[in-house]
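Listed below, chain by chain, are the residues.
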Amino acid sequence: METNPAAAPAEPEFAAFLAIDWADQKHDWMLRPAAGGRVEQGQLEHTPEAIQAWAAQLRQRFGGQPMAVCLEQSRGALIYQLSVYPELVLYPVHPQTVAYYRRAWHPSGAKDDPLDTALLLEILEKHRGHLRPLAPDSQPTRKLRLLVELRRHLVDERTRHSNQLTDQLKQYFPQVLRWFHEPTSGVVGALLNQWPTLEQLQQQQPARLRQFLRQHHVPGPQHVDELLEQIRQAVPATRDPAILEASVLAVRAQLRLLAGLRESITELDRQIGQLTAAHPDYPIFASLPAAGQALEPRLLVLFGSDRNRYHSAAEVATFSGIAPVQQKSGRQWLVRFRRSCPKFLRQTLHEWAGHTLTQCAWARAFYDAKRAAGLEHHAAVRALAYKWVRILYRCWKDRLPYQEELYLAALRRHGSPLAGPERTAENPAPQPAVERAVEYQFKKVAGFWKFSPATP
């Protein structure tokens, strides 16, 4: 995150400064007492027992006073274990920060763990104003963040296995992909488990197939009749026993994986729904248009529960990757897509902003104006997300739900064409003046969004 050092809270008086270069088995560490003296270094085994003994020695040596610890990790096994010791103030550093810092002083490309540990200690002592101490969210927020990220991972896994299943079916049983729109659905899994080949399916009595389709909620008798007729007239893609037998085994393996993923995602949805509904900030994100059960928890964890984490809406937009990167040198001015960011957070804001186009009239007017000004779809959606971030930040900071009428009133006070005419008894639901918004955008001096690329 691009930080504002002036906005950072005052730090305690540290008794020592430590740097840890973490690894899978052992961690290199360096320590310099704040009172001065030589730099100490050593290695720490990656076991809970070794870390506990090391932290206890530090606590006894410095009398429980605060100690600053710098490491290339914001989450993971090591930082989870260190965070239980209140005297250790953790300063996470992005790995690219250390990589660029190393390259500046060691252009040869030399690298080893003690060198990186020394660089981390130097960053902590000399550039701490650009770092922020780790401030964990509340326990429900941290749990919710882990669950929504896990759900996204499982959905991606489901998509990957669905693509593999589709590829396998195309080789020997492509008709299934025409008969059913979603190969990961329960009815497809049940059908292929019982009758994995077209020949086996065609051998069944129509009455049994009709009963099977009815049990799996295939809609409409007319659709069922059409489906039964298509099954009867279908021709096998291949009759080669080698291909059929190998493909059946592969399909059944994919079906078992998909069934497990489907069950896990359903359970995650249940737990995420319960956690979200019980969260103190739920009313804020439940008030947002087009968020729904999928995006409400993702937006909630994007902001978190620590109101001191972000000092401005621009920090949220920068950290999430919605704001572009500006590069200026002399007369040259380049604005490009921000690639170094948490992709899941950027995807969350991008998806939600796109959904608001169908439920929020001013958002649609803003998007149409950007498209008319020359932006392609994804760039216009990112511009809309950037605008939404400022609204969300204010709601989150003030702990107030979003109220569209209040926002439209503010737009009218500032003369924005996005607000449209005010509601009256004769015209209770006016639409925003899209044409005025488009004209307004053309008259504005070209902003940086005009030069942002179109890829999401």
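None of the values given here were measured: they were computed from a predicted structure. (Residues numbered from 1 in each chain as written. Predicted model: local features only at pLDDT ≥ 70, side-chain atom pairs only at ≥ 80, totals over all residues. Heavy atoms only, no water.)

Enquirer: Which parts of the structure should I look at to understand the overall build of the protein?
Expert: Each helix and strand counted, the protein has 19 helices and 7 strands in total. Residues counted as buried form 44% of the 456 residues belonging to the protein. Looking at the protein alone, contacts between residues at least 24 apart form 62% of all its contacts between residues at least 6 apart. (Helix = DSSP H or I, 4+ residues; strand = E, 2+ residues; numbered from the N terminus. Buried < 20%, exposed > 50% of the residue type's maximum accessible area, 1.4 Å probe, protein only. Contact = heavy atoms within 4.5 Å.)

Enquirer: Explain the nonpolar core to me, please; I cannot follow it from the model alone.
Expert: Where a protein is soluble and globular, its nonpolar side chains tend to be buried together. Within the largest apolar cluster, 58 residues are counted, with the highest numbers of intra-cluster contacts made by Trp362, Trp388 and Tyr402. The element contributing the most residues to this core is helix H17 (residues 377-398), with 13 residues. With 29 residues, the next largest nonpolar core counts Leu165, Ala190, Leu198 and Val248 among its residues. (Core = buried A, V, L, I, M, F, W, Y, C linked by side-chain atoms within 4.5 Å.)

Enquirer: Looking at this structure, how should I read the sheet that holds strand S5 (residues 88-92)?
Expert: Through backbone hydrogen bonds, the strands of a sheet pair up, either in parallel or in antiparallel fashion. With respect to topology, 5 strands assemble into an open sheet ordered S3-S2-S1-S4-S5, the strand pairing being mixed. For this open sheet the edge positions go to strand S3 (40-45) and S5, each flanked by a neighbour on one side alone. Averaged over all adjacent pairs, the angle separating strand axes in this sheet is 25°, with direction ignored. Here 6 bridges tie strand S1 (residues 16-21) to strand S2 (residues 26-33), and the two strands are oriented antiparallel to one another. Opposite Ala16, over in S2, you have Pro33 as the bridge partner. This element, helix H4 (residues 113-126), spans S1, S2, strand S4 (67-71) and S5 of the sheet and lies at about 140° to S1. (Pairing = 2+ DSSP bridges. Axes fitted to C-alpha atoms, helices over the stretch in contact; angles between N-to-C directions.)

Enquirer: Help me out: how do you make sense of helix H1 (residues 48-61) in this one?
Expert: Think of an α-helix as 3.6 residues a turn; residues three or four steps apart then line up on the same face. With 14 residues, H1 should cover 20 Å at 1.5 Å per step; its first-to-last C-alpha distance of 20 Å lies within 8% of that length. If you follow the buried residues of H1, they end up packed against S1, S2, S3, S4 and helix H2 (77-82). Once H1 ends, the next one or two residues include Gly63, with phi positive near 65°. (Expected span 1.5 Å × (residues − 1).)

Enquirer: Just checking my understanding: could you explain the side chain of Glu72 for this structure?
Expert: Note that Glu72 resides in the loop between S4 and H2. Buried charged residue Glu72 carries no salt bridge. Nearest counter-charge: Arg102, at 5.4 Å. (Lys, Arg positive; Asp, Glu negative; His and termini not counted. Salt bridge = Lys/Arg side-chain N within 4 Å of Asp/Glu carboxyl O.)

Enquirer: What should I look at first to understand the pairing of S2 in this one?
Expert: Where burial is concerned, most of S2 is hidden: 6 out of the 8 residues are buried. What sits between the antiparallel neighbours S1 and S2 is a turn of 4 residues. Of the pairings in the sheet, the one linking S2 to S3 comprises 6 bridges and is antiparallel in character. If you follow Trp29 over to S3, its bridge partner there is Gly42. Once S2 ends, the chain turns through 6 residues before running back antiparallel as S3, passing Gly36 with a positive phi of about 105°.

Enquirer: Just to check I follow, could you spell out the pattern of salt bridges for this structure?
Expert: Side-chain pairing between opposite charges can occur once the charged atoms of the two side chains come close. Overall, the coordinates contain 20 salt bridges when judged by the stated rule. Residue Glu125 is joined to Arg32 by a salt bridge in which the shortest nitrogen-to-oxygen separation is 2.9 Å. Of this pair, Glu125 sits in helix H4 while Arg32 sits in strand S2; the two residues are 93 residues apart in sequence, bridging distant segments of the chain. You can call Glu125 partly exposed: its relative accessible area is 28%. Residue Arg32 is classed as partly exposed on the basis of its relative accessible area, which comes to 28%. Sharing partners across several salt bridges, the network here consists of Arg102, Lys111 and Asp116.

Enquirer: Even after reading the chapter, I still don't get the side chain of Ser162, so can you show me in this structure?
Expert: Tracing the backbone shows Ser162 in helix H5 (residues 139-172). A relative accessible area of 9% means that Ser162 is categorised as buried. In this structure Ser162 touches Glu182, Pro183, Thr184 and Leu258, once residues within four positions along its chain are discounted.

None of this, on its own, says anything about what the molecule does.
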